[in-house]
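Topology and contacts: notes
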Amino acid sequence: MIIAIDGPAGSGKSTVAKALAQELGLSFLDSGAMYRAVTLAVIEHDVDPMDAEGCARIARALSLEFDAQGRIQIDGRPGEPAIRSETVTKAVSAVSAHSEVRAAIVPQQRAEAVRRGGLVADGRDMGSVVFPQADYKFFLTASPEVRAKRRAHELHEQARFAEILADMQLRDHLDSSRKDSPLLCAPDAIPVETSSLDAQGVVRLLLARVRKDAKS
Ligand code: CDP
């Protein structure tokens, strides 16, 4: 089974996707971690994030794997926590907007789904581009303020709320307006507004949807 969970930053995708995967006995794929890994390597190699071919060369050369806990390994080394740094977060939308970069990453995501015999994948284009045949597609949303509050809490940086909100809105804009695989709710995805729900509430909702079909 393939379950695609897309949505903007801070919509709770990763938390929900991980919990849902565990409940259903499926594997979890953090597609954003792959773009963050490429971005980290781009920065480390002093490549300009706007240089499509330079970024693509890096993307093609990197070995990206996941450990048993689903954490990314870059050329055999743990990508966490470096891939979550502010520098990476600020550059990741530019790097991932290049079609040449996506062309290097998307086949690896599809290969993971085959290798693991199905998964719950979270990202921006899981339902719209990477897994159009997914059994379930969910699109999580929440107000920008709620999303920024969640992210600030996650990072233990509540004092930086305003800056996190501004960065997030810029990233949403870049991710939604790019030509290749923009952030959008696929026509056949189920929209889930999560502003007034906690992660458990969202997981319950998604599980109910999946289990309802299993019964009928
Ligand atoms: O956790 P958060 O929502 O902040 O971001 P992420 O899932 O780690 O993704 C980081 C960035 O990678 C996004 O802002 C997108 O620019 C890019 N991305 C993408 O282009 N396609 C995906 N399937 C996943 C992430």
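Summary of the structure given here. A quick note: this is a predicted structure, and the numbers were derived from the prediction, not measured.

Rules used in this analysis
Residues numbered from 1 in each chain as written. Predicted model: local features only at pLDDT ≥ 70, side-chain atom pairs only at ≥ 80, totals over all residues. Heavy atoms only, no water. Axes fitted to C-alpha atoms, helices over the stretch in contact; angles between N-to-C directions. Helix = DSSP H or I, 4+ residues; strand = E, 2+ residues; numbered from the N terminus. Parallel < 35°, antiparallel > 145°, perpendicular 65-115°, else oblique. Contact = heavy atoms within 4.5 Å. Nonpolar A, V, L, I, M, F, W, Y, C, P; charged D, E, K, R; others polar. Near = heavy atom within 4 Å. Polar contact = N/O pair within 3.5 Å; in protein donor to acceptor, adjacent residues only side chain to side chain. Areas by Shrake-Rupley, 256 points an atom, 1.4 Å probe, with all protein chains shown as cover. Domains from an automatic or database assignment.

**With respect to the packing of helix α2 (residues 31–44) against helix α4 (residues 86–96)**
- Running from amino to carboxyl end, α2 crosses α4 at an angle of 105°, the nearest separation of the two axes being 8 Å. For the element pair α2 / α4, the angle class is roughly perpendicular. The segment α2 lies against α4, with Y35, R36, V38, T39, L40, V42 and I43 engaging T87, V88, T89, A91, V92, V95 and S96.
- In the contact of α2 with α4, the residues fall into nine nonpolar, four polar and one charged.

**Focus: unusual backbone geometry**
- With an omega of -5°, the peptide bond running from E80 to P81 counts as cis.
- When you line up the elements, P81 lands in the loop between β5 (77–78) and α4.
- If you check the backbone angles, D46 has positive phi at about 60° while not being a glycine.
- Of note, D46 is situated in the loop between α2 and α3 (52–61).

**Digging into the site of the ligand**
- Around the ligand, the structure places 19 residues, and the nearest of them are R36, R102, D125, R151 and D175.
- Between the ligand and the protein, one listed contact pairs an oxygen atom with a side-chain N or O atom of R124 at 3.0 Å.
- Notes on the ligand: free accessible area 530 Å², of which the protein chains cover 98%.
- Sorting the residues of the shell around the ligand by element identifies α2, α4 and α8 (161–177) as the ones contributing at least two each.
- For the shell around the ligand, the element with the highest residue contribution is α2, accounting for four residues.
- Here the shell around the ligand is composed, by residue class, of four nonpolar, five polar and ten charged.
- Each of domain 1 (1–26 + 118–211) and domain 2 (31–117) contributes no fewer than three residues to the shell around the ligand.

By themselves, these observations are geometric and do not establish any function.
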